[in-house]
Amino acid sequence: LPEFDGFEPMRDRGRQVINDHLEGDFFPDGTYREHSTSYQSSTLAIDLLFPWTVAHANRASLVEEPNLPVVHSWLGWYASMTQPNGELPPIGDAFGAKSIGRLGRGAVLTASPGLKGFVESLAACATTEPDGSNRDNALGLADSLLPDWEALCTEQPAYTSAVFADGGWVALRDSWDPDAT
């Protein structure tokens, strides 16, 4: 879309709307004010990660620096709430959502080695075939993100269980491994 006349004001307005919502729709711990896991999942994917991926591919900025901690916390909540089977539990007006692609995009866009480490633990169980086939780009990352994914180092997250007191969420796990409880 950047080639269309008049696109720049629309892009600037979209960037402002996204950043306004990051500032106003989240508690200090990064949790979204909506207490439905599917709403959180959809909002993360459609309203933030998709436009951010497009901006990234076009080497444009999207999330303003003061809002990056909110995004990091939101992704931390999302990873914490993700079950070992790679799905977000259906809580509230909800459906189970696969987390791996959203978290993979988030790891690249925030340059988070810990988030990448968690995603890789999910990717170990994300294949559809017992022999490991269909593993190529199991994350479903856009081509523009793959080089950054490959260049990003991997770490395990610094915590296992987490309390998100502002939003009223608690996530308990004993590890970040695919067989965690």
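Residues numbered from 1 in each chain as written. Predicted model: local features only at pLDDT ≥ 70, side-chain atom pairs only at ≥ 80, totals over all residues. Heavy atoms only, no water.

Undergrad: In this structure, what is going on with the packing of aromatic side chains? I would like to understand it.
TA: When we look at a pair of aromatic rings, we describe it by the centre distance and by the angle of the planes. This structure, assessed with the given rule, holds 5 aromatic pairs. Between tryptophan 77 and tryptophan 169, the aromatic rings sit 5.1 Å apart at their centres with planes inclined by 70 degrees, giving edge-to-face as the arrangement. Of the two residues, tryptophan 77 sits in helix α3 (residues 68-81) while tryptophan 169 sits in strand β4 (residues 169-171), which places them 92 residues apart along the sequence. The class of tryptophan 169 is buried, set by a relative accessible area of 7%. Ring pairing ties together the aromatic residues Phe26, Tyr32 and Trp74, which thus form one cluster. The aromatic ring of phenylalanine 27 is capped on one face by arginine 33, whose charged end is 4.5 Å from the ring centroid. Looking at lysine 116, its charged tip hangs above the ring of tryptophan 149, at a distance of 4.9 Å from the centre. (Phe/Tyr/Trp six-rings, centres within 6.5 Å; stacked < 30°, edge-to-face > 60°. Helix = DSSP H or I, 4+ residues; strand = E, 2+ residues; numbered from the N terminus. Buried < 20%, exposed > 50% of the residue type's maximum accessible area, 1.4 Å probe, protein only. Lys NZ or Arg CZ within 6 Å of the ring centre and 35° of its normal.)

Undergrad: Could you clarify how one ought to interpret helix α2 (residues 37-57) in this entry?
TA: Because each turn of an α-helix spans 3.6 residues, side chains separated by three or four positions end up pointing in the same direction. Look at α2: 28 Å from first C-alpha to last across 21 residues, which is about the 30 Å you get at 1.5 Å a residue. At leucine 49, α2 is deflected by roughly 35 degrees, the largest bend along its length, and proline proline 51 occurs up to four residues later in sequence. For α2, the set of buried residues is Thr37, Ser38, Gln40, Ser41, Thr43, Leu44, Ala45, Leu48, Leu49, Trp52, Thr53 and Ala55. At its buried positions, α2 is contacted by α1 (7-24), α3, β1 (87-88), β2 (97-98), α4 (100-110) and β4. Residue arginine 59 follows α2 closely and has a positive phi angle near 55 degrees. (Expected span 1.5 Å × (residues − 1). Bend = angle between axes of the 7 residues up to and from the residue. Contact = heavy atoms within 4.5 Å.)

Undergrad: What is the right way to look at unusual backbone geometry in this model?
TA: A negative phi angle characterises most non-glycine residues, just as the trans form characterises most peptide bonds. Located in the positive-phi region is arginine 59, a residue other than glycine, with phi close to 55 degrees. Along the chain, arginine 59 falls in the loop between α2 and α3. Classification of arginine 59 by relative accessible area gives exposed; the value is 77%. For alanine 111, which is not glycine, the phi torsion reads 50 degrees and is therefore positive. By secondary structure assignment, the location of alanine 111 is in the loop between α4 and α5 (113-123).

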